[in-house]
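Reading the structure
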Amino acid sequence: MQRWALITGATAGIGWATAEALAAQHFSLIITGRRLDRLDELEATLHKKFPQIKVIKASFDVSDRFEVSEFMKAHQADLQNVEVLVNNAGLAKGTDKMQDGSLDDWETMIDTNIKGLLFITRGVVEHMVKKNSGHIVNLGSVAGRWTYPGGGVYCATKFAVRALSEGLRMDLLGTKVRVTNIEPGMVHSEFSFVRFDDQKKADKVYEGMIPLEPKDVAETIAWCVARPAHVNIQVLVIYPTDQAHVGMVNRRS
Ligand code: 8X3
């Protein structure tokens, strides 16, 4: 019997790497994201590397309640089979001080990182409760534990993700549904490019240090998922060795 995982934001970085890591564990996958061309590319990669798994792709924006509900309606039967949900879609926009911040940036972060996660979770978790099994993996961040200058709103969204993981775990107590909050530090992905919309600025973030690669985080997710059903890794904080804390980075140049 096929085991199914749903991964949001699978078009790049941690989402893409998690798709590969779970496919390696023989999960069939529902991959979602905004960029259809990237989903096509991921599907082709998965079929080549893991011919035994099935792939369903759906292109929509998790922050758009209407698009999410259309996705839910179109995939009602598939969603009932989802054993693992990886709420990975999320982003940061800008590092302006709050007194200068862009309302559009704030709304994008809040809508995607908090509301998007909630919309998707709501549609999947009820089936998990009915089946009395499942695992929800939320992508938090070390920014959801410690705030840094210019990151107030982004950090607030990741604090919210941590609160949602905790709240969900409490609400699900008594069921066999597990909830894990993965909290990475600096990861070399499209994250900083999306934040700054400027490749030079993005590259500077990782200058002279060795960040985590998306695969490093994906492997920890796959490890959490592979624990026996009675074991729930509630929180996993993962930093690069060159980062001791938010804003405390060892740079060689
Ligand atoms: C990303 C971690 O420290 O770059 O969530 O904001 S950080």
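Note: the structure precedes this text.
Each residue is numbered by its place in its chain's sequence as written, counting from 1. In keeping with the model being predicted, local features are shown solely for residues with a pLDDT of at least 70 and side-chain atom pairs are shown and tallied solely at 80 or more, while totals for entire chains, interfaces and linings include all residues. The basis for the side-chain values is all heavy atoms of the structure; hydrogens and waters are excluded.

1. Observations concerning the pairing of strand β4 (residues 82-87)
Taken across its six residues, β4 has five buried, putting it largely inside the fold. Paired strands are those between which DSSP finds at least two bridges. Here a strand is any run of E in DSSP of at least two residues, a helix any run of H or I of at least four, and the numbering for each starts at the N terminus. Sheet analysis places strand β1 (residues 3-7) next to β4, joined by four bridges and oriented parallel. What sits directly across from W4, in β4, is V82. For every residue, the accessible area obtained with a 1.4 Å probe (protein chains only) is divided by the maximum for its type, and the residue is called buried under 20%, exposed over 50%, and partly exposed between those limits.

2. Points about the environment of I110
Position of I110 relative to the elements: it lies in helix α5 (residues 103-131). Separated by 44 residues in the primary sequence, I110 and Y154 place their C-alpha atoms 7.9 Å from one another. Between two residues, a contact is recorded if the distance between any of their heavy atoms is within 4.5 Å. When sequence neighbours within four positions are dropped, the list of residues in contact with I110 reads K115, V153 and T157.

3. Quick notes on the layout of surface pockets
For cavity detection a 1 Å grid was placed over the protein atoms alone, and a set of points counts as a cavity when a 1.4 Å probe fits there but cannot get out; an open set counts as a pocket when protein lies on both sides within 12 Å along at least five of seven lines, with lining residues being those that have an atom within 4 Å of a point. Grid points are joined across faces, edges and corners, and a volume is the space filled by probe spheres set on the points. Taken as a whole, the second largest pocket holds about 230 Å³ of empty space. As for the second largest pocket, its lining consists of R65, V68, S69, M72, K73, Q76, L79, F119, R122, G123, E126 and H127. Put simply, the parts of the chain that give the lining of the second largest pocket at least two residues each are α3 (65-74), α4 (76-80) and α5. Only Asp, Glu, Lys and Arg are considered charged in this grouping, and only Ala, Val, Leu, Ile, Met, Phe, Trp, Tyr, Cys and Pro are considered nonpolar; every other residue, Gly among them, is considered polar. The residue makeup of the lining of the second largest pocket, split by class, is four nonpolar, four polar and four charged.

4. Here we look at α3
Residues of α3 that are buried include every one of V68, F71 and M72, and no others. Along α3, the residues classed as buried sweep out an arc of 100° about the axis, all on the same side. In this structure, α3 carries F66, K73 and A74 as exposed residues pointing more than 90 degrees from its buried face. At its buried positions, α3 is contacted by β1, β2 (27-33), β3 (55-59), α4 and α5. Counting of polar contacts relies on pairs of N or O atoms within 3.5 Å, with two restrictions inside protein: one atom must be capable of donating a hydrogen and the other of accepting it, and residues adjacent in sequence are counted only when both atoms are side-chain atoms. Two to three positions downstream of the cap, the backbone nitrogen of F66 sits 3.0 Å from a side-chain oxygen, assigning the N-cap of α3 to D64. Note that the arc is computed from the directions linking the helix axis to the C-beta atoms.

5. Points about the site of the ligand
Note on terminology: near, applied to a residue and a molecule or strand, indicates that one of the residue's heavy atoms is within 4 Å of it. Inspection of the region around the ligand gives S141, A143, Y148, Y154, G185 and F191 as its neighbouring residues. One of the side-chain N or O atoms of Y148 is found 2.6 Å from an oxygen atom in the ligand. Within the side chain of Y154, a nitrogen or oxygen atom sits 2.5 Å from an oxygen atom of the ligand. Reported accessibility uses the Shrake-Rupley method at a 1.4 Å probe radius. Residues are deemed covered only where the shown protein chains occlude them. In isolation the ligand has 240 Å² of accessible area, and contact with the protein removes 85% of it. Taken together, the residues that form the shell around the ligand break down as four nonpolar, two polar and no charged.

6. Topic: the pattern of salt bridges
Note that side chains of opposite charge can pair when their charged atoms are close. Any Lys or Arg side-chain nitrogen located within 4 Å of an Asp or Glu carboxyl oxygen qualifies as a salt bridge. All chains considered together, the criterion is met by 13 salt bridges. Residue K49 is joined to E20 by a salt bridge in which the shortest nitrogen-to-oxygen separation is 2.6 Å. Note that K49 is positioned in helix α2 (residues 36-49) and E20 in helix α1 (residues 13-24), a separation of 29 residues in sequence. With a relative accessible area of 17%, E20 lands in the buried category. Put simply, R145 and E183 hold a salt bridge, and the shortest N to O gap is 2.5 Å. With R145 in the loop between β5 (134-139) and α6 (152-171) and E183 in strand β6 (residues 177-184), this residue pair connects regions lying 38 residues apart in the sequence. In this structure R145 comes out as partly exposed when scored by relative accessible area, which is 27%.

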